[in-house]
Amino acid sequence: MAQYLKPLPTITPLNQPYWDSLRRHELRMQRCDKCARVWYPPSPLCPRCWSRQFSWTPLSGRGRVSSWVVFHQPYFKGFESEIPYNVAEVELDEGPRLMTNLVGIANHDIRAGMRVEVVYDDVTADLTLARFKPSTS
Amino acid sequence: MASFDLKDKTAIAGAGSSPFGRKLHRSPIDLAAEAIANALDDAGLGRDQLDGMIVSFGSPLGADVDTIAPLLGLKLRAYSQTWAHGRFTASCIQWASMMVCAGLANAVACLGSWSLSHIRRPKFGGAGDREGAREAGGGHGEDPVFGMTSPGAGAALVARRYFERYGANSRQLASVPVAFRKHAALNPNAIMRAPITVDDHQASRLVCEPLRLLDYCLVNDGAACVIVTTAERARDLRKPPVYISGMQPLPGGAEEFIWSYPGLGVAQQSVFDYDAGVQPVYRMAGVTHKDIDALFTYDAFSILAWIALERFGFCKPGEAAAFTQDGRIELGGELPMNTNGGLLSEGHILGWAHQVEIVRQLRGECGPRQIRGAEVIQWANCYGDSMIYRN
């Protein structure tokens, strides 16, 4: 695998299970055992009910595009060859929104509200990213 | 507020700035020193009478209070500082007001300085995006793993969300930078003074789509400072006091995203129809929108002006696109905004140059860009904080 030049995530004890699950090609987030809230980014407790009883629960990996941008100015060396590249905010069916890149679609075809599903992108031997592609369901 | 009502109890007694420029090649401490000295002189205060200081932003781009104070030979009873964000201008002034009322200090310099001359492009975002590497991500939505970086990208995300939700577009958004550039043309301290048109805006390059270069503020060097003291002391000083009549603090939590109001649905915000109601700052100052002679706002990106207008109820969600057309936010219009030219054209002095301009407007010192009969001016931001000043 070629050298990976893009920024790496800041992995902490709090978000480690998220990144570990992606490596297994699962999208998991914390789900409150008390009130069933699902949240992201990882928090030490349920932001709604403050319970520390939660489970890293597999999600559907499906959602909708809530907003997106297209970078025309280079900032990171590792992304320079992909300009103009998109960054989208996807609202998962379970509620949380996450930042991602949309793949398998031209930037000018991206629309608000379009259905998308997760793609597990193994960018290095140790790192898998959750990217999203258009979905029919 | 019953037990500690600060309405008109404190005032800005002096305001001053350094030169603003793209390549001043002066250090932040040097720029801060000039702004502080000018503000003290404006107030008719000596440096021995300055016993408090609150700095927003600070190092590595700006000067920190604990280096400014000894290098300027100051003896402070009280100081504080925020972290390196532009969102804290009103907070600093609010804390200074409380400090002078509580007797913790007599005169507090509130300021920000920075110098970007020595930073290679791009100055925000990219490999130096320390904020994006923060646990749980950046305060403007930065997530460098996906190439999401820089404060402007967060504003672009809000702009796209707004455009899609309300059917607005980039051409309408041009009204904001075009208006502020007209104001800058009347301001000899402004960095960018050449007029621009809507077509110039549309022809400017896309930086982070849907935002273009002319939707972005300047990146520059400079410092500005205001001196807060009690209204009683201010009345005995050199210039007429500019009273602090209303304050609204900075809200936080899951329903807040820095460049957006609650309900818009960015980051983890819920989606609902935002209703500004009567924001607390108006109740405290005892005024309504009709009394506001000018509105100043943190315009790091053009879209932030729309968000601020709607957040504070000058118009309803989705209406700012129409509200800002036809000169309404220009000098001579119904609600002049950022008569200094704002961060978009005067220069990015972290919101402090806006405070200096408000003081000068309320004293009638603004020459060709003077708002006739200005009595009440508001500072109100997309992130929800505000000040109402009067003369």
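In short, a report on the structure. Quantities reported herein were computed from a predicted structural model and do not represent experimental measurements.

**Considerations on empty space enclosed by the protein**
All names here are of chain B. The full count for this structure, using the stated rule, is two cavities of 30 Å³ or more. Estimates place the volume of the largest cavity at around 50 Å³. Contributing to the lining of the largest cavity are Ser17, Phe20, Asn187, Asn189, Glu346, Ala353, Val356, Glu357, Arg360 and Arg369. Looking at the lining of the largest cavity element by element, the count peaks at four residues for helix α13 (residues 352-363). The residue makeup of the lining of the largest cavity, split by class, is three nonpolar, three polar and four charged. In this structure, the second largest cavity occupies an estimated 30 Å³ of space. Residue lining of the second largest cavity: Pro177, Arg181, Leu214, Tyr216, Leu344 and Ser345, and that is the complete set. When residues of the lining of the second largest cavity are traced back to their parent elements, those giving at least two are α6 (175-184) and α12 (342-345).

**Focus: the packing of helix α4 (residues 151-166) of chain B against helix α10 (residues 303-311) of chain B**
Residues and elements named next belong to chain B. Running from amino to carboxyl end, α4 crosses α10 at an angle of 60°, the nearest separation of the two axes being 10 Å. In terms of their interaxial angle, α4 and α10 are classed as oblique. Handedness of the α4/α10 crossing: left-handed. Touching Ala155, Val158, Ala159, Tyr162 and Phe163 of α4 are Ile303, Leu304, Trp306, Ile307 and Glu310, all from α10.

**Comments concerning the packing of aromatic side chains**
Residues and elements named next belong to chain B. Within this structure, the stated rule accounts for 20 aromatic pairs over all chains. Their ring planes at 75° and their centres at 5.0 Å tell us that Phe57 and Trp114 sit as a pair that is edge-to-face. Linking Phe57 in the loop between β2 (52-55) and α2 (65-71) with Trp114 in strand β4 (residues 107-114), this pair joins segments that are 57 residues apart in sequence. Residue Phe57 shares its accessibility class with Trp114, and that shared class is buried. Where Tyr216 meets Phe301, the ring centres are 5.0 Å apart and the plane angle is 80°; that geometry is what we call edge-to-face.

**Description of the pairing of strand β8 (residues 128-134) of chain A**
Residues and elements named next belong to chain A. Most of β8 sits out of view: five of its seven residues are buried. Pairing of strand β7 (residues 115-122) with β8 involves seven bridges; the strand directions are antiparallel. Looking at the pairing, Val116 lines up with Pro134 of β8. In sequence, β7 turns back onto β8 through a hairpin of five residues.

**Re the pattern of salt bridges**
Residue and element names in this part refer to chain B. If you walk through the whole model with that rule in mind, you get 26 salt bridges over all chains. Between Glu256 and Arg311 there is a salt bridge, and its shortest N-O distance comes to 2.9 Å. One end of the pair, Glu256, is in the loop between β8 (242-248) and α9 (280-285); the other, Arg311, is in helix α10, with 55 residues separating them in the sequence. Judged by its relative accessible area of 21%, Glu256 is partly exposed. Look at Arg311 and you get buried, because its relative accessible area is 5%. As a salt-bridge pair, Glu334 and Arg328 come within 3.1 Å of each other at their nearest N and O atoms. Glu334 sits in the exposed class, given a relative accessible area of 58%. Salt bridges linked by common partners bring Asp42, Lys239, Arg363 and Glu365 together as one network.

**A look at the interface of chain B and chain A**
Taken together, the contact pairs 35 residues of chain B with 33 residues of chain A. Summing the contributions of chain B and of chain A, the shared interface buries around 2900 Å²; its carbon and sulfur component is 59%. Summed over the shared surface of chain B and chain A, the result is 18 residue pairs in polar contact (both at pLDDT 80 or more). Of all elements in the fold, only α4 and β5 (206-209) of chain B reach the threshold of two or more residues within the side of chain B that touches chain A. With six residues, the top contributor of residues to the side of chain B that touches chain A is α4(B). Of the strand pairs in this sheet, strand β4 (residues 62-71) of chain A and β5(B) are connected by two bridges, and their pairing is antiparallel. Residue pairing across strands places A:Val70 opposite B:Glu209, the latter belonging to β5(B).

So, how was this worked out
- Residues numbered from 1 in each chain as written.
- Chains lettered and ligands numbered in written order.
- Predicted model: local features only at pLDDT ≥ 70, side-chain atom pairs only at ≥ 80, totals over all residues.
- Heavy atoms only, no water.
- 1 Å grid on protein atoms, 1.4 Å probe; cavity = no way out; pocket = protein on both sides within 12 Å on 5 of 7 lines; lining within 4 Å.
- Points joined across faces, edges and corners; volume = space filled by probe spheres on them.
- Helix = DSSP H or I, 4+ residues; strand = E, 2+ residues; numbered from the N terminus.
- Nonpolar A, V, L, I, M, F, W, Y, C, P; charged D, E, K, R; others polar.
- Axes fitted to C-alpha atoms, helices over the stretch in contact; angles between N-to-C directions.
- Parallel < 35°, antiparallel > 145°, perpendicular 65-115°, else oblique.
- Left-handed = near helix turned anticlockwise from the far one by under 90°.
- Contact = heavy atoms within 4.5 Å.
- Phe/Tyr/Trp six-rings, centres within 6.5 Å; stacked < 30°, edge-to-face > 60°.
- Buried < 20%, exposed > 50% of the residue type's maximum accessible area, 1.4 Å probe, protein only.
- Pairing = 2+ DSSP bridges.
- Salt bridge = Lys/Arg side-chain N within 4 Å of Asp/Glu carboxyl O.
- Buried area = accessible area lost by both parts, 1.4 Å probe.
- Polar contact = N/O pair within 3.5 Å; in protein donor to acceptor, adjacent residues only side chain to side chain.

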